[in-house]
Each structure stands twice: as structure tokens, then as C-alpha cells.
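Residues per chain are reported as follows:
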Protein chains: 2
Amino acid sequence: MNKKIENMKRLFRPRSVAVIGASEKFDKLGFHVMKSLTTGGYKGKIIPINPGAKEIMGIKAYPSIMACDEDIDLAIIAVPARFVFQIFDECHKKGVAGIVLITAGFKEIDDPEGAKNQELLRQKAESYEIPVIGPNTFGMINLVYDLNASFTPEFSLTKKGNIALVSQSGGMSHLISFLSQRQDIAFSKIVGIGNRLNVDFYEMLLFLRDDPDTKVIALYIEGVDNPSRMMQAIKEIHKQKPIIAYKTGSSKSGDKASRSHTGSIAGKYEIYVGALRQAGAILVNSAEELIDGAKALSTSSIPDGPNVAVLSGQAGPGMAASDMAEKIGLVIPAFTPKTQGRINELLPPMAIRTNPVDMGPAWYDAEATKEIIDVAMRDENIDSVVLLIMYASANIKAVQGITDMLKEWKQKKPIMTCISAPPGIWDNEIRILEDSNAITNYPSPERAARALGALWEYKKIISRG
Amino acid sequence: MNKKIENMKRLFRPRSVAVIGASEKFDKLGFHVMKSLTTGGYKGKIIPINPGAKEIMGIKAYPSIMACDEDIDLAIIAVPARFVFQIFDECHKKGVAGIVLITAGFKEIDDPEGAKNQELLRQKAESYEIPVIGPNTFGMINLVYDLNASFTPEFSLTKKGNIALVSQSGGMSHLISFLSQRQDIAFSKIVGIGNRLNVDFYEMLLFLRDDPDTKVIALYIEGVDNPSRMMQAIKEIHKQKPIIAYKTGSSKSGDKASRSHTGSIAGKYEIYVGALRQAGAILVNSAEELIDGAKALSTSSIPDGPNVAVLSGQAGPGMAASDMAEKIGLVIPAFTPKTQGRINELLPPMAIRTNPVDMGPAWYDAEATKEIIDVAMRDENIDSVVLLIMYASANIKAVQGITDMLKEWKQKKPIMTCISAPPGIWDNEIRILEDSNAITNYPSPERAARALGALWEYKKIISRG
């Protein structure tokens, strides 16, 4: 076990990668894996393995890993299942530290031979102490190490950050990357654990606990063979690093789907969700909620309590955020008399000056807006802020005017925002604020409030017993 | 009343627009209104009114509308409240058909003078039979007529289509436009009714019922002074045109906010929502749900029943969509034996071939994928399809391969999709399919399924009693 976890470090930060089944043919997965490695910025040595090629994508190829005189840390396997046993033996002889096994045709197939072969292969991998990501996976990406060990080069377009995604579904991993690319959500690693030969959620959690690149762990779960091990790992780790989880399989049909495709039983949804929550995971209900919550946990501080100041450049978005905030258990309290007094000086009587504050009438007065935010976030009754600013031509300088203050404050208390404008407007302003973790921005007021809910949920979890 | 509704037609399709308070100074709303009109493609005559200017943005200006010898259909007023009474009188004398009253300082302010003045102004407008959008509004945009009568030029970037948004919040209207610009959701009109002098939801509903440009009516509601009139209008219209509504004000704090900012009481949230649903509106819980549902209603047919085929290029997204579908009352039934038989021929046994179908193994076989979708959507057990395809480099041709078939089928049964890829990839393929209403696409599987729920909700509403 220790050797295997030790080997996982080399697996994720290999000095050299062999692609077994490397190809120049578009219809081979080995082609796409080579593309991912070569275009993803990987700085180590790439070693294409293909018995029929001297060179692949301009890189010297070998007929087998045994024929190659270089050391190999990671082997990515993308050849038919029938070749995999022999390749595992060769990997062992060659001293390979870890394997990404893209090949399908094991536990997930109808034929019982698939499950039998997977068990034999597992025993082999365990005896060799080689950690294996897969089989039946798209692979994994260590973004901060520029390693794209997957069959989709575009994973490398995901922003580098500190969220690690461990996912049981390739489709979900792709979706989450594509959504995150549009929302600047930043990952350390994206790992498709597929059929989990000998690296399951359990092993990934232990590995990520000690991964200095990872601050937040996001899980997409369908079903697990040994849930108690996973729950134990969550219990041990969640106070150190927040774990946010999306579990599907609540539908009868979905449950059936999971049974087949990842070779395990999704199980009774409610039992799973209850156990995950009990173990210390933050539970969410959609892919968007998963990335929204992970983004908050990754970029913001944790609030001390449930009390939110809702500060809105326009009243409607403030109402939408207030509705969501109360729905998920946050509280919108009164300000202290001192704060309220100052806000009353800054806003004309026509505005809603109590919490949630309608800062509308201060639009043209950058100083007033700035000070309202400032006094609200320093108020002792307030644990966090939801700040909503919709672009409207006349207020084009509104974000610029509060940037320095927010950058200096740096979410000492969480500041979840929906700063929204047409594409191209404020993109830069928002990026500047987000890059310094001064705000955590969302596409809508409701999603900003709900993401704050994930932070508050985490606070409650780490405060209990 | 009839004359007023008649005048609304000219208000929304004016041959000439006067901007009272037109300005070349950035800090005047009249500057931004002039920008909106001049850059929004408006083809009628623009008449700037400003006592101190000969010309504004290169257009001849007049000191007052009385001094102008042109006919004026629409007057946009962006001057302080104290001038508005006299301007209304002049508008009447001049034969102005309608007014957009951007000016604030009426019912929404703390000072009771505000409400008193609004009532006096209302009586004036009613006696003149002039419909007034506002006061305290950003204005309105008739996208299909290239008329941007608002203080935000960027509303004109919203795609032209057949959804009319009537909104009680300027902030929400801006947000909805910005979100829609990113998702290619297309509107006929965006109307900020503000403090509703004499054009409330009721009048807008009656007007939109007969508006040939509008197929779907989306409402953002905080509170209404005379809810029974609105409910009556919804009751009368909803079978002709679907009405989808987002009501905020469920939180205690939010309720307070609404009371002030639009000059009415949001009221007991549950009573409102129940009455809206009873009257025939489809209710949603967020801005994103509002546009997602409106998009489905705007582009798709209505399903005959709740039975969905979930067809997924990758199993995980299929599970997420199935979970959401069942959660909101849709059903994932078995295919007919004939359909199932054909799918079994098209997919290897390793795939999940029953509903929800994992089409993964058919990735490289465009013909098989195409036929699976084809037989599923024609299946008599199936009322609608949720189709999920995540890009993965190897499947780059997947969307192209099914385009012709989907264009020909044209959502005879609804096809809600999440076809997702990194920015720039498949944008064109998706646009081609959406432009011909062959699919209705969403950012996530859960949102695709939930939008289908809005269609099914509408079917149930129009089928009852």
C-alpha cells in the first residue's frame, strides 16, 4: 500500500511517459493521447510504443517498452484488452511506477470474462505495487505539471488551480472541464478513475491529502465497491481539505445505467448521500453546483457564521440572491447601528438601505459604493457578503472603482459576487479581481448565494464534534 | 383602455422617437439613451430634445417637443421628476402615442410625495390615453424592430427571437440579457415596467397576446398592486402563448426590498406562486431556469406525454439527466421491443442499450449513432429526447454526423440537448442545429432535462379542464 501510494507521486509527476499504442491514425486513441502529451506542454520525455513505427509525431518510437533503453515513470496503455496482461508484466520488469489504463473491455462489459480479467489484472498490479488509473478511462491530467495523460488534448485548456476532480465518469469530467473553461474555474488535477482497478476514491483521497497542489477535492460519484473505505478517508481528510461531492443515481433508470458502465452498483442513493454527508463531504445536486461550490472553497475564506450582507447595484438581483440565501439556511441580519448609520449617510432615502442594500442610487458615486461595501464587510454582525453588480453603460466604471479595496480586503470574509456584463465588457476587471482571490464570481445571483451555502456548509461540518 | 392598448402598438413600433433630456454628457441618462437609439440600428427618426443644444450626436435637437415640427410616436423621458407633468401635457398636445418614463423619484421613494405624484401622473396619462412604460425603468427594447429605447446600448446585442420578457426589475432584465447573449437565447422584446404608471403586467400581457413577434412570454415578478387582473390575463392567454414566470420575494428580507424598490408589496410568496400556477403560468426558481424554460418553449414542440429517451454519448451525463428528469416528474420508460431490438443490433453488448442509452461504443460509427437517435425519437413509447454529447477529440465529427437527420426531424418531438465542447469547438455545429430549431441546447445535462420539464409542465397546464 505504501509503495503504491508512493508510486502515485511518480505517476502524477513522471519524468518520462510511454504511450503504448501510440499512433498517427486519427481513429486510434493512441493518436489522441500523443496529441494530448505533445500539445499540452509536457516537459518530460515522451516515448511512443508501437511495433510498426520508427517515429510517431516526430518522436522516436520503440516496438515495446522492453526495447527502449530509457527509464519509464508512467505508461499510458491504449491497446486492446487482450494485450494488457503482458504489458503489465513488462511494466513491472521495466520498473514503471504507474499506469493509466485507457483500454476498455473489463468489468463494465456484459460478458463475465470482463470482470474475471479485471480481478486477475488487479492481483497482478497489486503484487507489482503499481497504481493503475482505469481501466475504461479517458485518463488523467495533472494541470499544474502540464501533463495531459488523456485522450482529449483540450483538457489542457482548463485553467491551472488548486481543485482536484476525481470522477467516475469520463463524460462528466469532460463536461466539468468545458464548463470550467468558460467560468475560469481552476484545477490542479482531473482524474478519471474509470473501473478502478486498484486506485479507487479511497486511494485518490489519501494521495490528494498530501498533494501540495490541491486545496479542494471535488468528487463525481456513481457507485463504489467498498464505500466504507471511501467514507473513512473522507472522515480523516475533510477537516484538512474540503471535499465536495456530486452523487448521481437517484433515478431508477440512472441506477441501472451506473451498474453497467462503471462495473458497480450505484446503490441506494439516499444511503450514499447520507453517509457521505455524515463522513464530512459537502453534497451538491448538479455539475454546475459542484464547480460553483469547489470554486468558492478554492478561492475564498470560510465564513464564521451564517450572516450575509446582500449588497446589490440593483434591487432585483438582490432579491433573487436573498431568496436563495434564506432557502439554503443563510441569514440576512440587520447591520449594527453604526454600519446602518453610515449607510444611511451614503445612500439617499429613496434606496433600500437596510440589508439587503439596494446601492442603485450610488451608481454614479464610486466612493459611496466603495464605502458601503467597506462598512458592510467590516460589520461585526456580518460573516460574508454577496455583491451583485449588473453592467448598465452608465456604471461602466463601477467595478474599477472598488477593485483596490476588494484586492486589499482579499476575502477576509467571503465575497461571492455576480458581476455581470455583456461578453467582452468587464471580462478584464473581473479577471483582475478573481486572479487575486478578491472575489469569487458567478454567472447569476442565485448561484453566488448557493456557492456561499457550500462555504457555510463546510464551516458547519468542520465545527461539529 | 382600447385606445391605450392601440397606442401601445405605436409605442413599440414608433416611426419617430423623441429623447427628452438627450445629452452628450456621459453622466446623463439621456446620453446613454441616445447611444442606444443611434447604435441599435433604429430606422425611424430620432429627435433629441434639449433646451441648450442645437445638435446631439450629430442629430438636430429641439428645445422642446412643441418646438419640433415632426410627428412624434414615442417620447423617452430622462429628466428630473419635477419636469414630468408639463412634459406629459406637451406629449398629449403633440399627439405622442406612448412614453417610456425612465425618470425615478415616484412611488419607490420614502417620501409620500412620490406616491402622490405618481397617482396624479397616472390620472393624467389615463385621461390622455397614453400608455407609459415606467417610471423608474431602464426602458424597453423591441429587438425585432431594432428599437433600443433604454439607457443600456448593449441590450441590442441580445439575439432577435420570439420570447418577450416583461420584468419588474432593471437589474434582472440586464442579467437575463447578458446570460442570454452567452447562450444564444433570442428575444422579441425586453420591457422594464418599473413602477407601472398605467402599463402593468396586465396591459403587457394583453398587448403581447396579439403581438405577432412574440411566441413565449417570460415574466419576472416581485409584487403587483392588482394581482387579480394579472391572473385573469394569464388565464385568458396562456393556452395561446405559454407564460413562464419567476417570482422572487420568498425571503423575509427580499420581501422588504421589493416593497420599497418597485413601490408595491411582494406579498406572501406562496400565495402568489400558487395563484400564478393556478392561472396557467409555468413557475421557475431562478433567472437561469427562466431563460432555459423560455428557450425550450420558444424553439421546440410540446411533448404529448412525460416519456423521455435519454441518449448519451457518455453514461455519466445520462445519469445526471435521468436523475433530474425523474425528480421533476418525467418518466424514462422502456423502448418498444422493435426499437430495443434495433438498438441491440447497433450497439455492442458492453453498452447500456436500454433507456437511458449509453451510445459511447458507437462514437466512431456516425451511422450507428444516427440510427439510434432516429429509432428512439420515432418510438411510440417516447414523447421527447434528451441527447447528451460531450466532445472528446476522437468524436469531433459526431455532431456533424447527425445534423441532417435532426434538421429534417425538426423537433417533431422535443430534443433537448447538452452538446458541450471547449469554447470555439462545435460552436458552429450547434448554431446550425439551433438556428433551424432542430435541437434546443443547454450548458449541462441537468439543465437540458429541467427545461424539458417546463415543456411537460406546459402540456399538463393546457390539457387541464
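These numbers come from a predicted model, not from an experiment.

1. Details of the domain arrangement of chain A
Residues and elements named next belong to chain A. Domain annotation for chain A reports domain 1 (2-297) and domain 2 (302-463). Between domain 1 and domain 2, the C-alpha centre-to-centre distance is 38 Å. The partner domain 2 presents 18 residues to the 19 residues of domain 1 that form the contact. Taking both partners together, domain 1 and domain 2 bury about 1500 Å²; carbon and sulfur atoms supply 55% of that area. In this structure, the connection of domain 1 to domain 2 is made through seven salt bridges. Residue Glu434 is joined to Lys295 by a salt bridge in which the shortest nitrogen-to-oxygen separation is 2.9 Å. Where domain 1 meets domain 2, there are nine residue pairs in polar contact (both at pLDDT 80 or more).

2. Digging into the sheet that holds strand β9 (residues 147-150) of chain A
All names here are of chain A. Here seven strands make up an open sheet; going across it, the order is β9-β8-β11-β10-β12-β13-β14 and the pairing mixed. If you trace the sheet from one side to the other, it starts and ends with β9 and β14 (282-284), each paired once. Each adjacent strand pair in this sheet contributes to an overall mean axis angle of 25°, direction not counted. Sheet topology places strand β8 (residues 139-142) next to β9; four bridges connect them, and they run antiparallel. Pairing of Ile141 across the sheet is with Asn148, part of β9. Taken strand by strand, helix α10 (residues 287-299) contacts β10 (159-167), β11 (186-192), β12 (216-221), β13 (243-247) and β14, and its axis lies near 180° from that of β13.

3. Description of the relation of the copies chain A and chain B
Two copies of one chain are present, and they are related through a rotation about an axis combined with an axial shift. Overlaying chain A on chain B yields an RMSD of 0.0 Å, the required transformation being a rotation through 180° with an accompanying axial translation of 0.0 Å. The transformation just described matches what one would write down for a two-fold rotation axis. Of the C-alpha atoms belonging to chain A, the one lying closest to the rotation axis is found on Arg182 of chain A, 5.1 Å away. Both copies present the same face, since 100% of the interface residues in chain A are matched by interface residues at the equivalent positions in chain B.

4. Description of the sheet that holds strand β17 (residues 384-390) of chain B
Whenever strands of a sheet pair, they do so through backbone hydrogen bonds, lying parallel or antiparallel. Residues and elements named next belong to chain B. Taken together, five strands build an open sheet; the order of strands is β16-β15-β17-β18-β19 and the sheet is parallel. Taken across any chain shown, the strands that pair with only one partner, and hence form the sheet edges, are β16 (357-358) and β19 (440-441). Of the pairings in the sheet, the one linking strand β15 (residues 308-312) to β16 comprises two bridges and is parallel in character. In the strand pairing of β16, Ser312 is matched with Asp358.

Definitions and cut-offs
Residues numbered from 1 in each chain as written. Chains lettered and ligands numbered in written order. Predicted model: local features only at pLDDT ≥ 70, side-chain atom pairs only at ≥ 80, totals over all residues. Heavy atoms only, no water. Domains from an automatic or database assignment. Contact = heavy atoms within 4.5 Å. Buried area = accessible area lost by both parts, 1.4 Å probe. Salt bridge = Lys/Arg side-chain N within 4 Å of Asp/Glu carboxyl O. Polar contact = N/O pair within 3.5 Å; in protein donor to acceptor, adjacent residues only side chain to side chain. Pairing = 2+ DSSP bridges. Helix = DSSP H or I, 4+ residues; strand = E, 2+ residues; numbered from the N terminus. Axes fitted to C-alpha atoms, helices over the stretch in contact; angles between N-to-C directions. Least-squares fit on C-alpha atoms with pLDDT ≥ 70 in both.

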